[in-house]
Amino acid sequence: MIRSELIQKIADENPHLYQRDVEKIVNTIFEEIIDAMSNGDRVELRGFGAFSVKKRDARTGRNPRTGESVEVDEKHVPFFKTGKLLRDRLNGG
Amino acid sequence: MAEKTLTRMDLSEAVFREVGLSRNESAQLVESVLNHMSDALVRGESVKISSFGTFSVREKAARVGRNPKTGEEVPIHPRRVLTFRPSHLMKDRVAAGNKR
(Lines give C-alpha, C1' and ligand atoms only; values in the text may rest on other atoms or scores of the structure.)
Protein backbone atom coordinates (compact mmCIF):
# COMPACT_ATOMS: atom_id res chain seq x y z
CA MET A 1 0.00 0.00 0.00
CA ILE A 2 1.34 3.44 -0.84
CA ARG A 3 0.37 6.90 0.36
CA SER A 4 -2.01 7.56 -2.55
CA GLU A 5 -3.85 4.27 -1.97
CA LEU A 6 -4.25 5.09 1.68
CA ILE A 7 -5.66 8.49 0.75
CA GLN A 8 -8.03 6.84 -1.74
CA LYS A 9 -9.37 4.42 0.87
CA ILE A 10 -10.08 7.23 3.31
CA ALA A 11 -11.69 9.28 0.52
CA ASP A 12 -13.95 6.37 -0.47
CA GLU A 13 -15.13 5.98 3.10
CA ASN A 14 -15.79 9.69 3.49
CA PRO A 15 -17.61 10.86 0.37
CA HIS A 16 -18.59 14.09 2.15
CA LEU A 17 -14.96 15.21 2.25
CA TYR A 18 -13.08 16.87 -0.60
CA GLN A 19 -10.20 14.81 -1.98
CA ARG A 20 -7.78 17.63 -1.20
CA ASP A 21 -8.91 17.68 2.42
CA VAL A 22 -8.35 13.95 2.70
CA GLU A 23 -4.85 14.46 1.30
CA LYS A 24 -4.28 17.21 3.84
CA ILE A 25 -5.51 14.99 6.69
CA VAL A 26 -3.23 12.09 5.79
CA ASN A 27 -0.25 14.37 5.16
CA THR A 28 -0.82 16.24 8.43
CA ILE A 29 -0.68 13.01 10.40
CA PHE A 30 2.68 11.96 8.96
CA GLU A 31 4.05 15.49 9.09
CA GLU A 32 3.10 15.80 12.75
CA ILE A 33 4.96 12.58 13.59
CA ILE A 34 8.15 13.75 11.85
CA ASP A 35 7.82 17.14 13.50
CA ALA A 36 7.52 15.61 16.95
CA MET A 37 10.59 13.44 16.43
CA SER A 38 12.55 16.41 15.11
CA ASN A 39 11.87 18.05 18.48
CA GLY A 40 13.13 14.95 20.24
CA ASP A 41 9.62 13.89 21.26
CA ARG A 42 8.02 10.45 21.18
CA VAL A 43 4.76 9.58 19.44
CA GLU A 44 2.89 6.75 21.07
CA LEU A 45 -0.02 5.26 19.17
CA ARG A 46 -1.41 2.53 21.39
CA GLY A 47 -2.13 -0.68 19.56
CA PHE A 48 -0.18 0.46 16.49
CA GLY A 49 3.27 1.35 17.76
CA ALA A 50 5.55 4.09 19.03
CA PHE A 51 7.96 6.37 17.20
CA SER A 52 10.94 7.61 19.15
CA VAL A 53 14.40 9.05 18.65
CA LYS A 54 17.52 7.12 19.55
CA LYS A 55 20.92 8.62 20.10
CA ARG A 56 23.89 7.06 18.36
CA ASP A 57 27.18 7.93 20.02
CA ALA A 58 30.09 9.33 18.08
CA ARG A 59 32.43 6.58 16.94
CA THR A 60 35.41 5.90 14.78
CA GLY A 61 34.15 4.24 11.66
CA ARG A 62 36.04 2.71 8.82
CA ASN A 63 35.66 3.10 5.12
CA PRO A 64 35.01 -0.53 4.20
CA ARG A 65 36.62 -0.10 0.80
CA THR A 66 39.85 1.60 1.77
CA GLY A 67 40.08 0.60 5.43
CA GLU A 68 40.64 4.25 6.27
CA SER A 69 39.39 5.51 9.70
CA VAL A 70 36.74 8.21 9.73
CA GLU A 71 35.24 10.04 12.70
CA VAL A 72 31.46 9.66 12.77
CA ASP A 73 29.69 12.33 14.85
CA GLU A 74 27.01 11.62 17.41
CA LYS A 75 23.62 11.53 15.72
CA HIS A 76 19.94 10.91 16.36
CA VAL A 77 17.95 8.38 14.40
CA PRO A 78 14.20 7.60 14.17
CA PHE A 79 13.03 4.35 15.72
CA PHE A 80 9.70 2.50 15.57
CA LYS A 81 8.52 -0.17 17.97
CA THR A 82 5.47 -2.19 16.98
CA GLY A 83 2.55 -2.08 19.40
CA LYS A 84 1.36 -5.21 21.15
CA LEU A 85 -2.03 -5.37 19.46
CA LEU A 86 -0.57 -5.08 15.96
CA ARG A 87 2.18 -7.57 16.77
CA ASP A 88 -0.45 -10.04 17.94
CA ARG A 89 -2.63 -9.41 14.90
CA LEU A 90 0.32 -10.06 12.58
CA ASN A 91 0.54 -13.48 14.17
CA GLY A 92 -3.10 -14.36 13.90
CA GLY A 93 -4.07 -13.01 17.32
CA MET B 1 15.01 19.77 25.58
CA ALA B 2 12.14 18.31 27.62
CA GLU B 3 10.93 15.17 25.94
CA LYS B 4 7.18 14.97 25.43
CA THR B 5 5.03 12.09 24.34
CA LEU B 6 2.44 12.76 21.70
CA THR B 7 -0.61 10.57 21.32
CA ARG B 8 -3.56 10.12 18.97
CA MET B 9 -5.06 13.18 20.64
CA ASP B 10 -2.22 15.38 19.43
CA LEU B 11 -2.51 14.01 15.90
CA SER B 12 -6.25 14.61 15.79
CA GLU B 13 -5.69 18.07 17.23
CA ALA B 14 -3.33 18.77 14.32
CA VAL B 15 -5.93 17.51 11.83
CA PHE B 16 -8.55 19.65 13.56
CA ARG B 17 -6.29 22.71 13.27
CA GLU B 18 -5.23 22.12 9.67
CA VAL B 19 -8.48 20.98 8.11
CA GLY B 20 -11.19 22.43 10.32
CA LEU B 21 -13.31 19.32 10.81
CA SER B 22 -14.84 18.68 14.23
CA ARG B 23 -12.56 17.26 16.91
CA ASN B 24 -14.62 14.12 16.92
CA GLU B 25 -14.36 13.56 13.18
CA SER B 26 -10.65 14.41 13.22
CA ALA B 27 -10.11 11.71 15.83
CA GLN B 28 -12.06 9.19 13.77
CA LEU B 29 -9.99 9.96 10.69
CA VAL B 30 -6.71 9.46 12.55
CA GLU B 31 -8.09 6.13 13.71
CA SER B 32 -9.08 5.06 10.18
CA VAL B 33 -5.64 5.93 8.84
CA LEU B 34 -4.01 3.72 11.48
CA ASN B 35 -6.57 0.96 10.88
CA HIS B 36 -6.02 0.89 7.12
CA MET B 37 -2.27 0.73 7.62
CA SER B 38 -2.62 -2.07 10.20
CA ASP B 39 -5.02 -4.05 8.00
CA ALA B 40 -2.67 -3.87 5.02
CA LEU B 41 0.24 -5.06 7.17
CA VAL B 42 -1.83 -7.91 8.62
CA ARG B 43 -2.59 -8.97 5.02
CA GLY B 44 1.17 -9.13 4.57
CA GLU B 45 1.45 -6.00 2.42
CA SER B 46 4.14 -3.36 2.88
CA VAL B 47 3.00 0.16 3.58
CA LYS B 48 5.13 2.71 1.75
CA ILE B 49 4.57 6.32 2.70
CA SER B 50 6.76 8.48 0.49
CA SER B 51 8.98 10.91 2.40
CA PHE B 52 7.94 9.23 5.66
CA GLY B 53 9.07 5.62 5.52
CA THR B 54 8.22 2.01 4.78
CA PHE B 55 6.62 -0.52 7.09
CA SER B 56 7.21 -4.09 6.03
CA VAL B 57 6.40 -7.50 7.40
CA ARG B 58 9.16 -10.06 7.71
CA GLU B 59 8.82 -13.75 8.35
CA LYS B 60 11.07 -15.07 11.09
CA ALA B 61 11.95 -18.75 11.04
CA ALA B 62 11.53 -21.00 14.04
CA ARG B 63 14.60 -21.33 16.24
CA VAL B 64 15.63 -22.68 19.58
CA GLY B 65 15.91 -19.95 22.15
CA ARG B 66 17.19 -20.08 25.67
CA ASN B 67 15.83 -18.65 28.86
CA PRO B 68 18.80 -16.47 29.85
CA LYS B 69 18.03 -16.87 33.53
CA THR B 70 17.63 -20.64 33.72
CA GLY B 71 19.57 -21.73 30.64
CA GLU B 72 16.57 -23.79 29.63
CA GLU B 73 15.95 -24.32 25.92
CA VAL B 74 12.64 -23.03 24.61
CA PRO B 75 11.33 -23.39 21.08
CA ILE B 76 10.58 -20.05 19.39
CA HIS B 77 7.83 -20.48 16.84
CA PRO B 78 7.99 -18.95 13.37
CA ARG B 79 6.41 -15.50 13.51
CA ARG B 80 5.87 -12.35 11.56
CA VAL B 81 7.51 -9.14 12.68
CA LEU B 82 7.07 -5.58 11.52
CA THR B 83 10.02 -3.43 10.59
CA PHE B 84 10.04 0.28 9.85
CA ARG B 85 12.58 1.88 7.55
CA PRO B 86 12.53 5.66 7.84
CA SER B 87 12.84 7.70 4.65
CA HIS B 88 15.91 9.84 4.03
CA LEU B 89 13.81 12.92 4.62
CA MET B 90 12.74 11.67 8.05
CA LYS B 91 16.30 10.68 8.99
CA ASP B 92 17.65 14.05 7.89
CA ARG B 93 15.00 16.04 9.73
CA VAL B 94 15.34 14.00 12.92
CA ALA B 95 19.13 14.30 12.80
CA ALA B 96 19.01 18.05 12.13
CA GLY B 97 16.36 18.74 14.74
CA ASN B 98 18.18 16.94 17.52
CA LYS B 99 21.62 18.37 16.84
CA ARG B 100 23.02 20.27 19.79
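Residues numbered from 1 in each chain as written. Chains lettered and ligands numbered in written order. Predicted model: local features only at pLDDT ≥ 70, side-chain atom pairs only at ≥ 80, totals over all residues. Heavy atoms only, no water.

*Asks:* Teacher, can you tell me more about the interface of chain A and chain B here?
*Replies:* Accessible area lost upon the coming together of the parts is a frequently used measure of interface size. At the interface, 46 residues of chain A touch 54 residues of chain B. Its largest share of buried area at the contact with chain B, chain A owes to M1, F48 and L90 of chain A, together 15% of the area lost on that side. Linking chain A with chain B are four salt bridges, by the criterion used here. In this structure, the salt-bridge partner of E31 of chain A is R93 of chain B, at a minimum N-O distance of 3.2 Å. At the boundary of chain A and chain B, one finds 20 residue pairs in polar contact (both at pLDDT 80 or more). Of all the secondary structure elements, the ones that give two or more residues to the side of chain A that touches chain B are α1 (3-13), α2 (19-38), β1 (42-45), β2 (49-56), β5 (75-82) and α3 (84-90) of chain A. By residue number, the principal contributor to the side of chain A that touches chain B is α2 of chain A, which donates 15 residues. Partitioning the side of chain A that touches chain B into residue classes produces 23 nonpolar, nine polar and 14 charged. (Contact = heavy atoms within 4.5 Å. Buried area = accessible area lost by both parts, 1.4 Å probe. Salt bridge = Lys/Arg side-chain N within 4 Å of Asp/Glu carboxyl O. Polar contact = N/O pair within 3.5 Å; in protein donor to acceptor, adjacent residues only side chain to side chain. Helix = DSSP H or I, 4+ residues; strand = E, 2+ residues; numbered from the N terminus. Nonpolar A, V, L, I, M, F, W, Y, C, P; charged D, E, K, R; others polar.)

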